[in-house]
Structure formats: C-alpha cells, structure tokens
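A structural walkthrough
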Amino acid sequence: MRKLILSAVAMLVLLPAILTGCAGGEMSEADIEKIVEEIVTTNYEVETCTFDLLMDAEIEVEGDEDVSATLVGTGTGVTDSVNRQMHMVMNMTINAVGEDPVDMPVEYFLVDGWMYMKMSVPEQEAQWLKMQMPDDMWEEQNQAQQQIEMLRTADEVNFLGFEEVNGVECYVVEIVPDLATLQQMMSQMQGQMSQLGDLDLIAMDPGKMLKQVSVTQYVAMDSYLFMRTDQQMVMEITPEAMGLPDDAFDQITEDITTVMVFRDYNEPVTVQLPQGALAATQMGG
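Residues numbered from 1 in each chain as written. Predicted model: local features only at pLDDT ≥ 70, side-chain atom pairs only at ≥ 80, totals over all residues. Heavy atoms only, no water.

The next thing to look at is the overall build of the chain. Along its length, the chain carries six helices and 16 strands. In the form shown here, the chain has an accessible surface area of approximately 13300 Å², with 46% of it arising from carbon and sulfur atoms. (Helix = DSSP H or I, 4+ residues; strand = E, 2+ residues; numbered from the N terminus. Areas by Shrake-Rupley, 256 points an atom, 1.4 Å probe, with all protein chains shown as cover.)

Turning our eyes to something else, we now look at the packing of aromatic side chains. If you walk through the whole model with that rule in mind, you get five aromatic pairs. Ring centres of Phe-162 and Tyr-171 lie 5.9 Å apart, and the angle between their planes is 45°; this geometry places the pair in the tilted category. Since its relative accessible area comes to 25%, Phe-162 is described here as partly exposed. Tyr-171 gets classed as buried once you look at its relative accessible area, which sits at 11%. Residues Tyr-171 and Tyr-224 carry aromatic rings whose centres are separated by 6.3 Å and whose planes lie at 20° to one another, so their mutual orientation is stacked. Placement of Tyr-171 in strand S10 (residues 168–176) and of Tyr-224 in the loop between strand S13 (210–220) and strand S14 (226–237) is noted, with a sequence separation of 53 residues between them. There is no split in this pair, since Tyr-171 and Tyr-224 are both buried. (Phe/Tyr/Trp six-rings, centres within 6.5 Å; stacked < 30°, edge-to-face > 60°. Buried < 20%, exposed > 50% of the residue type's maximum accessible area, 1.4 Å probe, protein only.)

Of note, Arg-84 is a non-glycine position whose phi angle comes to about 55°, a positive value. With respect to the helices, strands and loops of the structure, Arg-84 is situated in the loop between strand S3 (67–80) and strand S4 (85–96). On the accessibility criterion, Arg-84 (41% relative accessible area) is partly exposed. In this structure, Asp-112 takes a positive phi of about 55° despite not being glycine. For Asp-112, the position within the fold is in the loop between strand S6 (106–111) and strand S7 (114–119).

Quick look at the environment of Pro-268 now. In this fold, Pro-268 is placed in the loop between strand S15 (251–263) and strand S16 (281–282). Separated by 188 residues in the primary sequence, Pro-268 and Asp-80 have C-alpha atoms spaced 8.9 Å apart.

Chain-level pLDDT for the chain is 76 on average; 70% of the residues reach the 70-or-more range. Here residues 4–8 is a poorly scored stretch, pLDDT under 50, and it has 23 contacts once near neighbours within four places are set aside; other chains count. Overall, residues 191–199 carries pLDDT values under 50, and its contacts beyond four positions in sequence, including any with other chains, amount to 35 contacts. (pLDDT = per-residue confidence, 0-100. Contact = heavy atoms within 4.5 Å.)

Under the defined criterion, the tally for this structure stands at three salt bridges. A salt bridge links Asp-230 to Arg-228, with the nearest nitrogen and oxygen atoms 2.7 Å apart. The exposure class of Asp-230 is buried, given its relative accessible area of 17%. Owing to a relative accessible area of 9%, Arg-228 belongs among the buried residues under this scheme. (Salt bridge = Lys/Arg side-chain N within 4 Å of Asp/Glu carboxyl O.)

The following block contains the structure:
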C-alpha cells in the first residue's frame with residue numbers, strides 16, 4: 001500500500017503552484033476580452049521570471065485496505081524563455097495514517113531539450129533521470145506559458161474583482177479550463193515515463209486521470225503580468241491506469257491544490273546543470 005501511495009506521488013512529481021483581499025466588482029464581457037488579450041500579449045514577451053510554489057494534496061486509496069495520506073510541498077524555480085531553460089527545487093513531505101512522515105526532495109532542470117530530474121525515493125539512493133522533450137513541449141513545462149494556454153483555450157473566463165498580491169493591485173480572474181485540452185497536454189507525457197526505482201510509471205497516462213480543474217489567476221492591473229495562480233485539481237487513478245492487476249486496489253483519488261506566485265520578471269537568471277546530472281538514466285528509451 002505504501003508503494004501505491006508513492007507511485008501516485010511520483011506521478012504528481014512528473015507533472016514537472018499571502019494574499020489580502022477586498023470585495024469584487026462588475027466588468028463587461030468586452031472588458032474581460034480586452035484584459036485577456038493584454039495578458040496574452042504581455043506575457044508572451046516575458047523573457048525570465050522566478051516563481052514560488054506551494055502544493056497540498058489529499059490522497060485516498062480505496063480497496064481492501066483504505067489508506068489516507070497528505071502531501072505538502074514547497075518549492076521555487078526560474079524560467080528562461082529565451083533559452084528555453086528551467087530550474088526548480090521542491091521539498092515534499094508525505095504523511096500517511098499510521099506511518100512515519102516521508103520526505104521526498106526533488107529537483108528539475110530543463111536544458112537543451114531535455115528534462116533532468118533528481119528524486120529521492122525512500123530506502124533508495126537519490127537518482128538522476130532524464131527524458132527528451134518534444135519541440136512543442138516547452139509551452140507545457142514553462143509555468144507562465146501554461147497560464148497563457150489556459151486563458152487561450154478556456155471554456156469560460158469570469159472577473160471576480162480586485163485583490164493585492166505582494167503589494168501589487170491585481171485583477172482576479174476565474175478560468176473554467178477546457179478539460180479536453182488539459183487532458184491532451186498531460187497525456188503528452190505518455191511514452192516519456194519509465195521506471196523510478198522499482199515503481200512502474202510507464203503505464204500511467206495523467207490525462208486519463210484528470211477529472212476536475214479550477215483556476216484563479218491574479219494579474220497585475222498596471223503591467224498585466226501574472227502575479228499568482230491558484231489551481232485545484234482532482235485526479236482519479238485506477239489499477240489499469242498504473243498497469244496493475246484489477247484487484248490491487250479500487251481507486252486512488254488525489255485532490256491537489258497549488259499556489260504559484262510569480263516575481264522578478266525579466267531579471268537575469270542562470271540555469272546550470274550540475275555535474276551529477278550528466279550520468280542521468282534516460283527514461284522512455
């Protein structure tokens with residue numbers, strides 16, 4: 001059962017997100033369309049940015065033995081859109097009922113069309129893995145580009161009002177994403193996954209697991225830059241989705257909340273791949 005939880009968490013890891021508020025107001029559909037247009041145009045021109053990430057997940061395993069666990073993760077990262085590079089470090093702690101807390105630090109690099117990941121699985125040595133990214137996958141891995149794509153393909157965009165993020169007055173925009181588009185984006189990871197220690201990831205298709213998504217974006221009123229994104233996601237995992245026998249468990253449900261805060265736009269950043277990553281094991285053949 002512990003391996004099932006770690007497998008579910010490992011899938012989350014591979015999907016390489018305070019605030020003071022005031023009451024909202026009203027905005028016309030034309031105003032919303034203009035703001036969305038300005039957001040897309042402005043953020044496409046961003047060259048670099050830094051982001052901080054907070055993740056909280058509730059994991060429920062249903063089967064002969066029901067198990068509950070929570071995952072809390074904090075991280076920070078930088079993106080360089082000019083050179084198509086990214087670096088992120090994240091510390092995660094898993095708490096399962098009746099088990100000692102498990103720490104799972106992880107580090108990502110996206111360099112020269114390859115994603116490198118250093119991950120520590122309990123009772124195993126930390127290992128470097130790498131996977132080659134298709135040419136069009138930069139938009140899927142670049143955090144700011146993800147926000148743009150969600151806006152461009154959204155089924156619905158609603159204005160919620162105004163709030164401050166780190167002293168910056170922001171529009172608050174609720175997005176009802178196009179679920180099919182998000183599922184397709186996540187399913188592009190299919191075929192890139194392989195083994196992580198003795199965890200079998202190759203059968204996992206995150207797109208088929210995604211069942212519900214809600215997104216709230218905070219956009220600076222003066223610059224139209226993304227300042228914060230809150231995302232809530234529900235995933236349902238079946239034994240078939242993990243390549244396991246039908247009687248392994250009934251279902252794993254993950255309710256994931258991420259908060260991402262963006263800062264230091266267009267400031268110089270350096271992404272340097274560490275020496276240890278050069279010996280990374282390639283995933284996906």
